[in-house]
Amino acid sequence: TGWVGLGFSPTGFMPESDVVIGWVKDGRGYLKDRFAATRTVPPIDHFQNVQLLSSSEAEGMTILEFKRKLAACEPKDRSIEEGTTRIIYSYNDNDPVSEDSPARHQVSGRVSVNLLSGTGNVEPASLEADHVKISLLNSNVRVPATPTTYWCSPFKLPVLQDEAHIIRFDPVVQRNHEELIHHIVVYQCGDDIQPFLNVSWDCDNPPDNVPSQVRKCRGLTVITAWAVGGAGFSFPSHVGLPMSGATGTQYVLMETHYNNEQSRSTYVDSSGMAVYYTPTKRQNDGAIFQLGHIVSPLLLIPPGLSSVEVQNTCPGRCTRAVRPSLRRNHFCLYISSVGIASGRNQCFRFFAAFTHRW
């Protein structure tokens, strides 16, 4: 019994969200299109742009199936587009007395999901017949009962006599933990961390027995990253990331961001990343070129300006030190700390651009 609510939000919070609220009573389903201007009961829209298809209520579950257009129909609707969609949800175990007066929610939350494909028409690159899949998984991590935790787990990649190529990464999110896992980052470690492979820890509160050479892996070269709304990543068919051998990646540190908004103490997680490699090297070696501005509260937009540009440059003495005789082409761009922030009566959009000249 009771009502359920679902909203499409620009920020992950209630204000300015396109909302539907519905319930089932005496075998009849009710559903209304609403708009939440503030943190109060969303009033019913004058234009109803949702259509209830079916409704049922049994064994403690209320199921409402509806349809709506992907494109916004009027100013109080929000379009559903490719990429990350911020969903808010809430429910109450009691049926409303009337459509205008649903009681305050008993449970609420938010989650970022990819409702559409998010990958366009690009098909993943085909894998070699001799490819091998390995899994970097957290080992039954008891997630702390705090809203935000970054968890560090070190791994050793397979040891091969000759250098191999990593050709694909895929996120592995434990079932029913979709709203818990915010992002996963895998860092390359430069030192032998063999003695610490059976240890994992809160990245921001490492135990005393974890030495600095292990801790410093976090923040070194990122070899792959995934966040909600994203998919796996395949290298181009002629490119692979060197692994094993004399110079390839041997050790990695995986950082998992747990977004435990309800501060639950019952989460035990084994999510992580799948890695595909081939012992048959491809035509070209891939590498990671990482630059940017440190994520900091000091990266501010001064008031009264229509735009602000922050530039970072990797000087020639740096790029010349990296195999100067080889030609380089970039084929993928990961962006962090880019998005939309809102303030009182204003909205800011952040963009990232990348250019190079060798």
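Note: the structure precedes this text.
As the structure is a computational prediction, the values presented were derived from the model and not from experiment. (Residues numbered from 1 in each chain as written. Predicted model: local features only at pLDDT ≥ 70, side-chain atom pairs only at ≥ 80, totals over all residues. Heavy atoms only, no water.)

Some remarks on a nonpolar patch on the surface
Stage number 1. On the surface, Leu299, Ile301, Leu305, Val308 and Val310 cluster together to form a nonpolar patch covering roughly 400 Å² of accessible area.
Stage number 2. With respect to the secondary-structure elements, Ile301 resides in the loop between β20 (284-285) and α2 (316-319).
Stage number 3. Given the relative accessible area of 35%, Ile301 is considered partly exposed. (Patch = residues over 30% accessible without salt bridge, like charges linked within 9 Å, V, L, I, M, F, W, Y side chains within 5 Å. Areas by Shrake-Rupley, 256 points an atom, 1.4 Å probe, with all protein chains shown as cover. Salt bridge = Lys/Arg side-chain N within 4 Å of Asp/Glu carboxyl O. Helix = DSSP H or I, 4+ residues; strand = E, 2+ residues; numbered from the N terminus. Buried < 20%, exposed > 50% of the residue type's maximum accessible area, 1.4 Å probe, protein only.)

Digging into the pattern of salt bridges
Stage number 1. Enumeration according to the criterion identifies eight salt bridges in this entry.
Stage number 2. A salt bridge links Asp18 to Arg68; the shortest N-O distance between them is 3.1 Å. Placement of Asp18 in strand β2 (residues 17-25) and of Arg68 in strand β5 (residues 61-68) is noted, with a sequence separation of 50 residues between them.
Stage number 3. Judged by relative accessible area, Asp18 falls into the buried class, the value being 4%.
Stage number 4. A salt bridge links Glu163 to Lys281; its shortest N-O distance comes to 2.6 Å. With a gap of 118 residues between them, Glu163 in the loop between β10 (148-156) and β11 (164-172) and Lys281 in the loop between β19 (272-278) and β20 connect regions that are remote in the sequence.
Stage number 5. A relative accessible area of 16% means that Glu163 is categorised as buried.

Describing the environment of Leu157
Stage number 1. Structurally, Leu157 is set in the loop between β10 and β11.
Stage number 2. Among the residues examined, Leu157 registers a relative accessible area of 4% and is labelled buried.
Stage number 3. C-alpha of Leu157 to C-alpha of Thr249: the two residues are 92 residues apart in sequence and 7.6 Å apart in space.

So, the state of the cysteines
Stage number 1. Enumeration according to the criterion identifies two disulfides in this entry.
Stage number 2. Regarding the disulfides, the protein carries the connectivity 1-3, 2-4 under sequence-order numbering of its bonded cysteines. (Disulfide = S-S within 2.5 Å.)

Comments concerning unusual backbone geometry
Stage number 1. Despite not being glycine, Asn176 has its phi angle at roughly 70°, a positive value.
Stage number 2. Following the sequence through the fold, Asn176 ends up in the loop between β11 and β12 (181-189).
Stage number 3. Taking relative accessible area as the criterion, Asn176 reaches 60% and is therefore assigned exposed.
Stage number 4. You will see that Ser263, though not glycine, has its phi angle at about 55°, which is positive.
Stage number 5. As for its position among the elements, Ser263 is in the loop between β17 (251-259) and β18 (268-269).
Stage number 6. Judged by relative accessible area, Ser263 falls into the partly exposed class, the value being 30%.

Digging into the sheet that holds β10
Stage number 1. The sheet built from five strands is open, its strands ordered β13-β10-β17-β12-β14 with antiparallel pairing. Each edge of the open sheet is held by one strand with a lone partner, namely β13 (201-202) and β14 (222-227).
Stage number 2. Note: β10 against β13, two bridges, orientation antiparallel. Bridging across to β13, Trp151 finds its partner in Asp202. (Pairing = 2+ DSSP bridges.)

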